[in-house]
Amino acid sequence: MSFKSHSASQQPLLRTKISVPKIPPEFVHRPRLTERIDRGVLGPLTLLSAPAGFGKTNLLIEWAEHTRLPVAWLTLDSDDNDPNRFFRYFISALQTRQPGLGEETLDFILSTRGGGLEVGLTLLINEISALSNEIVLVLDDIQVLENPIILRTLDFYLKHSPYNLHLILASRCEPDLDLAFLRAKGRVIELNADDLRFSAAEVGLFFEGAMGLQLPPETIRMLEERTDGWITGLQMAAISLRHRADPNTLLANLQGDAHFLVDFLAEEVLDRQPEEIRQFLLRTSILDLLTGSLCEAVAMPEAQPGFGTVMLSRLEHANLFITALDEKREWFRYHPLFADFLRHIQAEINPAEISVLQKRASEWFERNGNLTEAIRFLLASKDLQGTADLIEGNIQSMVKTGDISSLTHWIGQLPKDIIRSRPGLSIVYAWGLMSAYRLDEARYWIDDLQQGLPLIENQAGPKNEERQATSGADDTGPWNFHGGLAICESFLAVLQGDTEKATEYSRLAANFLDAENPFIHSLFALEDSLYFILSGDTPKAIDALRDTIRIALQANNLLVSIIATCELADMQALQGHLTQAWATLQKVRYMAVDPDGKPLSLASLADTGFGEILLERGSLDEAQVFLESKGQTPQSLRWLSNLDGLISLAHLRQLQGNFSGAQDLITQASQLALGTESSEWDDILVSAVAVRLALQRADLPAAVQLWNRSGFSDFNQKIHLENYPYHVYEYLLLTQVRLLMAMGRNRRDKACLQQTLELMNSIQPDAECFQRVTSQIEILVLQAIAWDALGDQPRAVKNLLQALTLGEPEGYRRVFLDGGQPVANLLTSCRCVAIETGSLLPTAGYIDSLLAVFTNAARPAQTPPSSEIIPAPSSSTLEEPQTAFLSPRETEVLILVSEGKSNREISAQLYLALNTVKRHAYNIYAKLDVNNRTQAVSRARQLGLIP
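Owing to the predicted nature of the structure, the values given are computational and were not obtained by experimental measurement.

Rules used throughout
- Residues numbered from 1 in each chain as written.
- Predicted model: local features only at pLDDT ≥ 70, side-chain atom pairs only at ≥ 80, totals over all residues.
- Heavy atoms only, no water.
- Helix = DSSP H or I, 4+ residues; strand = E, 2+ residues; numbered from the N terminus.
- Buried < 20%, exposed > 50% of the residue type's maximum accessible area, 1.4 Å probe, protein only.
- Contact = heavy atoms within 4.5 Å.
- Pairing = 2+ DSSP bridges.
- Axes fitted to C-alpha atoms, helices over the stretch in contact; angles between N-to-C directions.
- Expected span 1.5 Å × (residues − 1).
- Bend = angle between axes of the 7 residues up to and from the residue.
- Polar contact = N/O pair within 3.5 Å; in protein donor to acceptor, adjacent residues only side chain to side chain.
- Core = buried A, V, L, I, M, F, W, Y, C linked by side-chain atoms within 4.5 Å.
- Domains from an automatic or database assignment.
- Salt bridge = Lys/Arg side-chain N within 4 Å of Asp/Glu carboxyl O.
- Parallel < 35°, antiparallel > 145°, perpendicular 65-115°, else oblique.
- Left-handed = near helix turned anticlockwise from the far one by under 90°.
- Nonpolar A, V, L, I, M, F, W, Y, C, P; charged D, E, K, R; others polar.

A.B. asks: Is there a simple way to explain the overall build of the protein chain in this structure?
C.D. replies: When you go through the protein chain residue by residue, the secondary structure sums to 49 helices and 10 strands. Every one of the 947 residues in the protein chain was classed for burial, and the buried ones make up 57%. Considering only residue pairs separated by 6 or more positions, the protein chain has 68% of its internal contacts joining residues 24 or more positions apart.

Printed below as a string of structure tokens:
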């Protein structure tokens, strides 16, 4: 079987769709056209546009076989109008030439349920741009694409295409794409029907070389004139001429338009075949793809094994409009025009047989694991009850693979009476309609089910009631009715922002459904993920969360999908991947939208994560926008993430010098931590935050008092991991370190400072083992401060250099700035070492950007003079240019600006519209807080953004 699966949880992919077809033996080489394609792939797009039968595919096959460039191929069909299916094939085609390419893109597109196509495509474009090699991607039969979402996405790609990926489109008509921009720039090479017609010389080569026919020049000229160089017409004429002594008898009838020629010549071909081949052609014409065992099962199931393979071989050797699709020559297809003709003849002479053939095809596909094709053929046979049986018998497997959209589509093809008579179909159909946001239709089926529920329960009988009483589940399997209705109601509650109601229905569903149900499975998967989060094992937590997201998306459990995605972003940030975490949080924005593209209240769950990343990178104004938006989160959602939001906002308020505002927020957090929805560790965490904030504002007595009042162990005694989840233990221990360090510095107590080093040494191996990079940076900064206080500056500089090396790639700032003057003093020494050693990281520009903040920092007026600790800089000094948020394209523009190129030159080099370049320049000036090109280049070099 030529099927390929992207992952075990998805429907298989046909390899033949992403393989370059094999060139037919009768093909005439056309160097004049392949040379034009060679010129075309020097730019972004080559377009072949001509009606069927003009040799577009064969020409591209010939070119692909001779080019030195790696060629990826995708043959499209009408089913590819589903965005998820299209991009699975699109990326799988690219992966045939660049393994692993686009995995992140595909994950993004699938996990955002198609809501982030342009963002996903941007990821792919950036990934391709980073490759050292070129790739050509052929999209054959692109005229079948009608979905405006896919077409808009392709337009986006064409306008931002990377220089090293060249697209070739083959279409029977002008594709519905916006090509004006590329045409205006002369960046499209086009071949149309006039280009593709056979010349007189090519007609002669075809008949003599490819078909082995010796014809007089006048006959060749007449054939070229009558067919107008149309390749399929010439091929049909050649097959007919083999059986005629006098070619003039054929020429006499060879007149009319293309449709007439097809009917006339195809009939000539078919009538001259042996009966066995004729019957085989007609019966297998119902198939889009041909392979030996499939043709055998359809055309002659009683034949000896191998009959289908033999017959396909005979057709290929007879040049009967059959094309091999793979190197092993196991899969074939008929020429589309010839297939249409055969179907027309079959429908005329034996219409009753068609449904029988379609059922045979359905049985073959079901046996061979392609349920989609099995249902399609059975549905085409008009056996509606049989189709319902097939769908109903495979509900569980299709739901488990996440193929909800296909399942919904097939059920929707059945009459309402059949769906209504089968509650199992009704409940899954309602669920599928909701996943497509067809909420009015979904509500119709939910109400219909609820009205019929008493009858369903009566039909279930005493045995079912007994089972429900003992196990909470009935014999109808995972998709039983009570549980299914609870799932539907849970989803609708999520969309309405009523998370408490959604949780209530989720618990109800768990009482009726067994653990194999995807919805319940997603809840258990989230619990497993939380175990790894609480244990501190970040890599395992990330793997578990990705599994949870996959399962939740398959089950259309939007609430779990979003919670797990937010947790995944937290883990990625903890690993030091702030940019990746930001992209993950963006997925939440794309997932949490209604059918009109408006954000659902669930989208606000990502705001705390966005705010914390911005806070770490020193962008306080932007962080404030996100963190204050938590105040508009619906009450029913606040228990999910409001505690973290309040803590981060309190930290921000203190950085802004608003100490009373920070204290008010900590008070709110304390009250929230004591609520019924909070965990037993939340109040401990809030108390530790209060201690840190007191230390940050240099109020050591308050910090000591808060520590003692919170019921923590004596700060001279070690905190034990077994008493807390890992993240609480880590936070408490590092808070204890900060408290002891402040006391040691204040009292010049070396024993106290030495104790902080011992505590950090006890936790550092776990931070490294669990890849908790953010924690590693914090530990290294605190170690540097401790060694400096103990008088060992070389060791202090070494630790801080390690922290800077870890922090620079992702733009960490706050963790260094919170270190106050001790870090500022060490940074100067680090800068000297970095310059002397010529190390790649940390750069002098990065260190300078931190020193600039310390240089301009002023002690807040409200700071009490109760210790020697230098407070963190005020907010006025933290509003630095948002260098961490220059996009890759803005960085490209900035580099070209530094090279002295004009906007027009940049436009030509990057294939951007002039206005787009100007917009990028404006954004760069705003982010760097400059007014012109010279200032931008100077500022960028100062910050280490460009050489």
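A.B. asks: How should the sheet that holds strand β3 (residues 45-49) be read in this particular structure?
C.D. replies: Backbone hydrogen bonds are what pair the strands of a sheet, in a parallel or an antiparallel way. Read from one edge of the open sheet, five strands run β4-β5-β6-β3-β7, paired in parallel fashion. Bordering the open sheet on either side are β4 (71-75) and β7 (188-192), each of which pairs with just one other strand. Geometrically, the sheet is characterised by an average inter-axis angle of 15° between neighbouring strands, direction not taken into account. Pairing of β3 with strand β6 (residues 165-171), which is carried by five bridges, proceeds in the parallel orientation. Along β6, the bridge assignment pairs leucine 47 with leucine 169. Sheet contacts for helix α3 (residues 83-95): β4, β5 (135-140) and β6; angle to β4, the most-contacted strand, approximately 155°.

A.B. asks: Whenever I open this one, the pairing of strand β10 (residues 331-334) confuses me. Can you help?
C.D. replies: Burial along β10 is two-sided: Trp331 and Arg333 facing one way and Phe332 and Tyr334 facing the other are all buried. Here strand β8 (residues 290-291) runs beside β10; their pairing, made up of two bridges, is antiparallel. Within the sheet, the bridge partner assigned to leucine 290 lies in β10 and is phenylalanine 332. As judged from the three bridges shared by strand β9 (residues 322-324) and β10, these two strands associate in the antiparallel manner. If you follow threonine 323 over to β10, its bridge partner there is arginine 333.

A.B. asks: In this structure, what is going on with helix α30 (residues 558-574)? I would like to understand it.
C.D. replies: Residue pairs spaced three or four apart in an α-helix point in one direction, given the helix's 3.6 residues per turn. For α30, which comprises 17 residues, the first-to-last C-alpha distance of 24 Å matches the rise-based estimate of 24 Å (1.5 Å per residue) to within 8%. With 14 of 17 residues buried, α30 is to be regarded as a mostly interior element. Glycine 576 sits one or two positions beyond α30 and adopts a positive phi of about 90°.

A.B. asks: Whenever I open this one, unusual backbone geometry confuses me. Can you help?
C.D. replies: It is generally the case that most residues other than glycine have a negative phi and that most peptide bonds are trans. In this chain, leucine 841 is followed by proline 842 through a cis amide linkage whose omega measures -5°. Residue placement: proline 842 occurs in the loop between α43 (820-837) and α44 (844-856). Positive phi values are uncommon outside glycine, yet aspartate 141 reaches one of about 65°. Mapping aspartate 141 onto the fold places it in the loop between β5 and α6 (148-159). The phi dihedral of lysine 382 falls on the positive side, at around 75°, and the residue is not glycine. Summarising the element assignment, lysine 382 is placed in the loop between α19 (371-380) and α20 (384-393).

A.B. asks: What am I meant to see in helix α39 (residues 750-769) here?
C.D. replies: Relative to the 28 Å expected for 20 residues at 1.5 Å per residue, α39 spans 29 Å between its end C-alpha atoms, a close match to the ideal helical length. The largest bend in α39 amounts to roughly 30° and is located at isoleucine 763, with the proline proline 765 lying one to four residues further along. The inward-facing, buried residues of α39 contact α38 (726-747) and α40 (773-789). You can read the cap of α39 off the contacts: a side-chain oxygen lies 3.1 Å from the backbone nitrogen of alanine 751, and it is on aspartate 749. Following α39 by one or two positions, glutamine 771 adopts a phi angle in the positive range, close to 60°.

A.B. asks: Please explain the nonpolar core as it appears in this structure.
C.D. replies: Side chains of a nonpolar character, in soluble globular proteins, are inclined to be buried together. Counting 187 residues, the largest nonpolar core has Tyr334, Leu800 and Phe816 as its most contacted members. It is α38 that provides the largest number of residues to this core, a total of 12 residues. The two domains that each donate at least three residues to this core are domain 3 (275-382) and domain 4 (685-857). Excluding residues within four positions of it along the chain, phenylalanine 816 makes contact with Ile777, Val781, Leu800, Ala803, Leu804, Val823, Tyr846, Leu850 and Phe854. Among the nonpolar cores identified, the runner-up in size contains 44 residues, and Phe90, Leu117, Ile142 and Ile150 belong to it.

A.B. asks: Explain the sheet that holds β9 to me, please; I cannot follow it from the model alone.
C.D. replies: Ordered in space as β8-β10-β9, the three strands form an open sheet in which the pairing is antiparallel. For this open sheet the edge positions go to β8 and β9, each flanked by a neighbour on one side alone. Running at roughly 110° to β9, helix α16 (residues 307-317) makes contact with β8, β9 and β10 of the sheet.

A.B. asks: It is not clear to me how the pattern of salt bridges should be interpreted in this structure. Could you clarify?
C.D. replies: Two side chains bearing opposite charge may form a pair once their charged atoms approach each other closely. What the rule picks out here adds up to 35 salt bridges. The salt bridge partner of arginine 617 is glutamate 810, with a shortest N-O separation of 3.1 Å. Taken together, the residues span a long stretch of sequence, with arginine 617 in the loop between α32 (607-616) and α33 (620-629) and glutamate 810 in the loop between α41 (793-807) and α42 (814-817) at a distance of 193 residues. The exposure class assigned to arginine 617 is buried, which follows from its relative accessible area of 7%. Owing to a relative accessible area of 16%, glutamate 810 belongs among the buried residues under this scheme. A single salt-bridge network, built from bridges that share partners, covers Asp288, Asp340, Arg343, Glu373 and Arg376.

A.B. asks: I tried to follow the packing of α32 against α33 on my own but got confused; where do I start?
C.D. replies: A pair of packed helices is characterised by two quantities: the angle between their axes and the separation of those axes. Two elements in contact, α32 and α33, have axes separated by 8 Å at closest approach and are oriented at 160°. Viewed along their axes, α32 and α33 adopt a mutual orientation that is roughly antiparallel. Where α32 crosses over α33, the handedness of that crossing is left-handed. Here Asp607, Thr608, Phe610, Gly611, Leu614 and Leu615 of α32 come into contact with α33, specifically with Leu620, Glu622, Ala623, Phe626, Leu627 and Ser629. Its residues placed into classes, the contact of α32 with α33 shows seven nonpolar, three polar and two charged.

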